[in-house]
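# Coordinate inspection notes
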Amino acid sequence: MLTAFSARPLVELRQRDKSKIESLLAYGDRLLVGLNTGSLRIYRVNEPSSTPQSSLPETPDDGPPPSPTKKKPVDLMREEEKFSKKPIQQLAIIKEASILISLSDNYVSLHDLQSYSLQKRLEKTKGATLFAAASNIVKDGEEGIPSIVSRLAVAVKRKILLWSWQDMELTEEVAEITLVAAAKSLTWASGTKIVAGLDSGFVMVDIETMEITDIMKSSGVDEVVSKFGAVSSTGMSYMGMGSWVPKPMATKLYEDEILLAKDVHTLFIDSNSKPLDKRQVPWPTAPEGIGYSYPYLLALQPPAKGNLEVRNPDTLSLLQSIPLPNATLLHVPQPNISLAHAGKGFLVGSDRCIWRMTATGYDRQIEELTSKELYDEAISLISMLEDTLLLDKEDRLRVIKMMKAQKLFEQRKYRDSLELFADATAPPHKVISMYPKSIAGSISMVDGEDVSEEELENEAETETSPEGKKSVESTPQSTVKRTMFGRLRGEVQKAEADTASVKSAKMSEAGDSNKAGDDKPLEGKDLIKAVNELCAFLAQTRVKLQKIMTPDGKLKQPLPTNPPKDYRPEFHQLIGLSADEQEDVDWHEKLMEVATIVDTTLFRAYMLARPGLAGSLFRLANFCDPKVVRDKLYETGRYADLIDFLHGKRLHHEALEMLERFGKDVDNETISPALRGPQRTIAYLQQLPPEHIDLILEYAKWPVRQDADAGMEIFIADTENAETLPRERVLDFLQRINPLLATRYLEHIITELSDMTPDFHQRLIDLYLERLHTGRESKPEYGGFTNQEEKLDCKQKLERFLRSSEQYNRSRIFVKLSADDADLFESRAIVLSKMGQHKQALQICVFQIQDYAKAEEYCNQTYLTSQAQNLTSPAVPLTGPDKTNDDTPSIYHTLLSLYLTPPPPHTPKLEPALDLLSAHGARLPASQTLSLIPQDLKIATLESYFTGRIRTANTVLNSERIVAQLRAVRQAATQEAYMGERNKRVVVTEDRLCPVCMKRFGNSAVRVYPDGKVVHYGCFNRGTGAVAGWGKRHSAGWA
């Protein structure tokens, strides 16, 4: 058990002294003792010797209180024998007003705190049975000025009388509140609320609104049942006790929590009288009195037992039982008076003796609980204590949680253990070290053999089956939760020994220790179960690390450049270094080690318990140890996962080398069909960024040579990586393998990606020419054309590209185009056209190709192009669509001259010339065309030509006449509108004012706006508003 308090006798009445102690009160270094004779004794309490408190002898659980030290614990200062004529039943003080309050002879009296003389007896308190006093700091509602308000509540039969002191002055008003029955106990719940205990239950009284809230209402209609299992005063009585009813008791706990007790039944409520979800205190017998000394719950057992129980108000466990013979009085300084006493002790008294309960240091209490492996109690105690009462509270709480978690792990409660480790932010290596080497590797603290692969598969299959899941899943201890009715109504409890809870705890500890002491190795189902919980813990740790580090291992918040000596980053708990090891530590390096341990262990855990989840770990950024993962995956034949892992670790050379070996099936291994062939290598290379161009070109050879169409997807796929590759290097690489692949790549980057690099355009034309040359002269097996369609397709591609591209060197290409090659005649014509040599281009069409329709089409395109340039050029006046200047020869004239006056040895071609004159006579100047026509040609053959020319001339003439008439109509309308505006008149009278300067016009010059407004001529530019707007928009007004 815990030694939270030690009993020290303060006052012991001598044997010849026949008085009995009825009440006591301690404040400061004073102890007031009220006797049954009506005398009041005032003692001065002497502090213990300078011996440290921790070295004081402890009170044994089963022995008498220690004997007093040589130094007298108290000195009797004085005795007021005539303080009262009757026994002094209760004492209290209002320190701010220097008043001592006493209850004697059923009256409440006020005394001076210094002289103890009677100041006033409150006559209204005749018949008083008890009272309660409290002091609180209250702020003024209007100005917010704080002031001390003390209140006194006195129970007189069925009434509660209230007095108050504000700023040490007693108010004259006395409030009265009537209850349904006489109050047996009064406890202040807050500064304005008081809990009154009645025979039938408890009520909450609001002294400001005078509202009474029944905490314990009837639970039935026909039968009235108390919420605490006790019957009403008019009902059934306890056997052998007549009409005795248990005394209702209440005490205020920490943080707005109140405990109500009646007999052995309890209920926790808040200051608003709402029940809290907490179980009852397991008292074996009804206590004589209850109290709260921060942070423990106190219960004084009846005098026959003479024990003081100390419990944890959170867990309700019995921590200490102190034997105090015949003790009946329990005095704890009220928290609503002062918090200075908190945790420093309280007083317990019998009719002959008073003990002072001295608190043991909290650090020592925690160490004692920890040494006895009462981790829940230690955690609860640390959580209740304030930060200022402990050194490094958070770290101590964290350490104890980890100790409890380790104990749970030894008891094979893996889920509870790992969840507690995660809650305590335990260092991952500490948790991992509890596992065997098959999981933890070299940091394992467990001696044992690794589990074989066959056993792992059998265990995994068992775990995944429905029966296995039922056996593996841990069943958490269910807490018995009673309904509100059952909890308030109470249940019949068997009488147990004082140390029942301690015995049960010891029995459970013994059972756990026996279970954990089997020293069985962690294997089989237990290992699978523990590893599954470890996976969840490591996954949570990875989330924490992701908030601290980027995927490439950099800290999101950089460390200070010159940190202090005791500097610890926020993530120091994950590293788990001791204070001695934290000097000159590279925190970033340590954090990287933690990340490596976490991810590598998670990989081992997945491979053991959940092999299907291992792949998901590789597809994310991770810090796994490459050697461990590589060996394990290769050993288990998980080559696809190994490739993904190597890609994530940027070990591309090793991954591509392995893919090449699998793709070519060099080792004749049994592998997945997805890894055979070049497809997997192509997909891998497509994922590499352009900075790995050397690696891409090195390992792209065999896929391109084995499957050219699929291999070209590395370079021409619609991906960002393919589009941003260095195109010059890719082109050289493909040209060395096969010029056809280089041609395909150039076509892609020029047509699809719109690359305007002149060198690429030039090289594509060269490749086309080279293909035409080699295709005709070589056999199909050596790169020759297989059929005429293939040759025609290559020729058409060359011509289309020559016609569409503007980036190649025309002179250089023209030199390469042979004048004797019939396949290149049209290409030469296209290049000559690009060079502006239209006559030479037409000569090729007419005399070499002898395609007159193509020559005519050439002239049409050239003519339309020149017309479009004339329309877009501002220096050339706009003309009709077919209007030409007779002095300027057109492209059609050039073609006509080639037809009628060809160079030797060619003969004139009259038929195509007449077709040209018939179709495009309007575009041929008459003065130049007629000179080319042979003299012996009949006029009838030129009918269509002359008809076209005359029709075109008439069209132009008619168009010009129509335009002239339209312009004349427009001019007449404009002049008419102008004259209408000029004929407008305005009248300026003697009384008319200028809207700008507000002066008369008189004989001054004026200016009139188009809307009829008149202003001074000088006010034209000084106007505001609408007038100014007219002035700016119509500066050319008329006067």
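These figures come from a predicted structure and were not determined experimentally.

### As for the pairing of strand 11 (residues 146-156)
Counting buried positions over the eleven residues of strand 11 gives nine, a clear majority of the element. Pairing of strand 10 (residues 128-139) with strand 11, which is carried by eleven bridges, proceeds in the antiparallel orientation. Across the sheet, Ala128 pairs through a bridge with Val156, a residue of strand 11. Connecting strand 11 to the antiparallel partner strand 12 (residues 159-166) that follows it, the hairpin turn spans two residues, and Lys157 within it adopts a positive phi of roughly 55 degrees.

### Observations regarding the confidence of the model for the chain
Looking at the chain as a whole, the pLDDT averages 82, with 83% of positions reaching at least 70. pLDDT under 50 marks residues 50-63. Its contacts with residues more than four places away, or in other chains, come to 17 contacts. Every residue in residues 336-341 is under pLDDT 50, and counting partners more than four places away or in other chains gives eight contacts.

### Concerning the packing of aromatic side chains
For the coordinates displayed, the defined rule picks out eleven aromatic pairs. With a centroid separation of 5.3 Å and 65 degrees between ring planes, the pair formed by Phe409 and Tyr435 is classed as edge-to-face. Of this pair, Phe409 sits in helix 3 (residues 393-410) while Tyr435 is found in the loop between helix 5 (428-432) and helix 6 (437-440), placing the two residues 26 residues apart along the sequence. Each member of the pair, Phe409 as well as Tyr435, is classed as buried. A ring pair is formed by Tyr863 and Tyr892, whose centres lie 5.7 Å apart and whose planes are at 55 degrees; its orientation type is tilted. One end of the pair, Tyr863, is in helix 31 (residues 852-872); the other, Tyr892, is in helix 32 (residues 891-900), with 29 residues separating them in the sequence. The buried category is assigned to Tyr892, whose relative accessible area is 0%.

### Thoughts on the pairing of strand 24 (residues 307-311)
Side chains on a regular strand alternate between the two faces of the sheet. Among the five residues of strand 24, five are classified as buried, and the element is accordingly described as predominantly covered. The pairing of strand 23 (residues 296-300) with strand 24 spans four bridges and is classified as antiparallel. Opposite Leu298, over in strand 24, you have Val310 as the bridge partner. Where strand 23 folds back onto strand 24 in an antiparallel hairpin, the turn is made up of six residues, including Gly306, whose phi is positive at roughly 65 degrees. In terms of strand pairing, strand 24 meets strand 25 (residues 318-323) through five bridges, oriented antiparallel. Residue pairing for strand 25: Arg311 is matched across the bridge by Leu318. From the end of strand 24 to the start of strand 25, which pair antiparallel, there are six residues, and Leu316 there has a positive phi angle of about 65 degrees.

### Things to note about the environment of Arg619
For Arg619, the position within the fold is in the loop between helix 14 (614-618) and helix 15 (626-636). Overall, the relative accessible area of 57% leaves Arg619 in the exposed class. Sequence spacing of Arg619 and Gly648 is 29 residues, and the spatial spacing of their C-alpha atoms is 6.7 Å. Excluding residues that lie within four positions of it along the chain, Arg619 makes contacts with Asp641 and Asp644.

### A closer look at the nonpolar core
Membership of the largest hydrophobic core comes to 111 residues, with the highest contact counts inside it found for Tyr435, Val531, Phe715, Leu734 and Tyr745. If one sorts the elements of this core by residue count, helix 13 (residues 587-609) sits on top with twelve residues. With residues near it in sequence (within four places) discarded, Tyr435 still touches Phe409, Leu418, Ala440, Ser444, Met445, Val446, Leu522, Ala530, Val531 and Leu534.

### What about helix 17 (residues 652-664)?
For helix 17, with 13 residues, the first-to-last C-alpha span of 18 Å sits near the 18 Å given by 1.5 Å per residue. All of the buried residues along helix 17 are His652, Ala655, Leu656, Met658, Leu659, Phe662 and Gly663. Across the axial projection of helix 17, the buried residues extend over an arc of 160 degrees, all falling on one side. Packed against the buried residues of helix 17 are helix 15, helix 16 (639-648), helix 18 (679-686), helix 19 (693-699) and helix 20 (701-706). Of the residues flanking the end of helix 17, it is Asp665, one or two places downstream, whose phi is positive at about 55 degrees.

Criteria and thresholds
- Residues numbered from 1 in each chain as written.
- Predicted model: local features only at pLDDT ≥ 70, side-chain atom pairs only at ≥ 80, totals over all residues.
- Heavy atoms only, no water.
- Buried < 20%, exposed > 50% of the residue type's maximum accessible area, 1.4 Å probe, protein only.
- Helix = DSSP H or I, 4+ residues; strand = E, 2+ residues; numbered from the N terminus.
- Pairing = 2+ DSSP bridges.
- pLDDT = per-residue confidence, 0-100.
- Contact = heavy atoms within 4.5 Å.
- Phe/Tyr/Trp six-rings, centres within 6.5 Å; stacked < 30°, edge-to-face > 60°.
- Core = buried A, V, L, I, M, F, W, Y, C linked by side-chain atoms within 4.5 Å.
- Expected span 1.5 Å × (residues − 1).
- Arc of directions from axis to C-beta.

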